[in-house]
Amino acid sequence: MKLTLKLLIALLITGFQLQAQVSVEDVKARINKLNSLVGEWEGTGWYQHGPNQRYDIKQTENVELRLNGTLLLVEGKGYVNDSLAFNAIALFSYNPQKDNYKIESHLFDGKATVASGSFREDGSFQWGFSFPSGQIKYVITFDEDSWHETGEFSRDGEQWYKTFEMNLTKKK
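Residues numbered from 1 in each chain as written. Predicted model: local features only at pLDDT ≥ 70, side-chain atom pairs only at ≥ 80, totals over all residues. Heavy atoms only, no water.

Here we look at the overall build of the protein
Then comes step 1: Looking only at helices and strands, one finds 2 helices and 10 strands in the protein.
Then comes step 2: Helices and strands appear in the protein in the N-to-C order α-α-β-β-β-β-β-β-β-β-β-β.
Then comes step 3: Taking all 172 residues of the protein together, 34% fall into the buried category.
Then comes step 4: Expressed as a percentage of contacts within the protein between residues at least 6 apart in sequence, the contacts between residues at least 24 apart total 32%.
Then comes step 5: Just so you have it, the protein exposes about 11,100 Å², and 53% of that area is on carbon and sulfur atoms. (Helix = DSSP H or I, 4+ residues; strand = E, 2+ residues; numbered from the N terminus. Buried < 20%, exposed > 50% of the residue type's maximum accessible area, 1.4 Å probe, protein only. Contact = heavy atoms within 4.5 Å. Areas by Shrake-Rupley, 256 points an atom, 1.4 Å probe, with all protein chains shown as cover.)

Here's the deal with the nonpolar core
Then comes step 1: By size, the foremost hydrophobic cluster in this structure holds 29 residues, and its most contacted members are L34, F92, I103, F125 and W147.
Then comes step 2: Examining the composition of this core, we find that 4 residues originate from one element, strand β8 (residues 134-142), more than from any other. (Core = buried A, V, L, I, M, F, W, Y, C linked by side-chain atoms within 4.5 Å.)

Some thoughts on the environment of I103
Then comes step 1: As for its position among the elements, I103 is in strand β5 (residues 100-107).
Then comes step 2: The class for I103 is buried, based on a relative accessible area of 0%.
Then comes step 3: Sequence separation between I103 and A90 is 13 residues, and the spatial gap between their C-alpha atoms is 6.4 Å.
Then comes step 4: The contacts of I103, once residues within four sequence positions are left out, are A90, L91, F92, T113, V114, A115, S116, G117, F125 and W127.

Some remarks on unusual backbone geometry
Residues apart from glycine generally show negative phi values, whereas peptide bonds are mostly found in trans.
Then comes step 1: Even without a glycine there, the phi angle at N81 is positive, about 50°.
Then comes step 2: Summarising the element assignment, N81 is placed in the loop between β3 (71-80) and β4 (83-95).
Then comes step 3: One non-glycine residue, D82, lies in the positive phi region at around 65°.
Then comes step 4: By the secondary structure assignment, D82 is in the loop between β3 and β4.

Let's talk about the environment of R54
Then comes step 1: Counting through the fold element by element, R54 comes out in strand β2 (residues 54-66).
Then comes step 2: Spatially, the C-alpha atoms of R54 and T163 are 8.6 Å apart, while their sequence positions differ by 109 residues.
Then comes step 3: Once residues lying within four places of it in the same chain are set aside, the contact partners of R54 are W46, Y47 and Q48.

Now the structure itself:
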């Protein structure tokens, strides 16, 4: 019993030491790669539900750095005919153990998901998630003044269908 307890304590200490090797500055540097998104954005876009249900939207995004620059908080709102049709909050963090970004997304209808993301070779940011009936992926291309994002759905990971697009301009 004492040997088991000592072994458990040694494993915990080793785990904390390994985590301590990743500095806050490392995490902040990774989140900083998304820093151009910080601000207030607005523009237009569209989303699709089913084969014949496409809706034009007016979209706003408010993006803030939080927790000493280690977290990006994003709130998006989409309006169809001046009525709120979409509202989501996402938290972007960096996971140094997996060398990727973690995105926790919460929708105003109570749905939520945890996704992963990474930068692609062309500098765009791709994030997405899987669920029982398929996969969803988003690609964001951005600079200091413009944000272009597309979303696609696939049942099999081979054939993708565009379901979302938005083009935003930074207001502040």
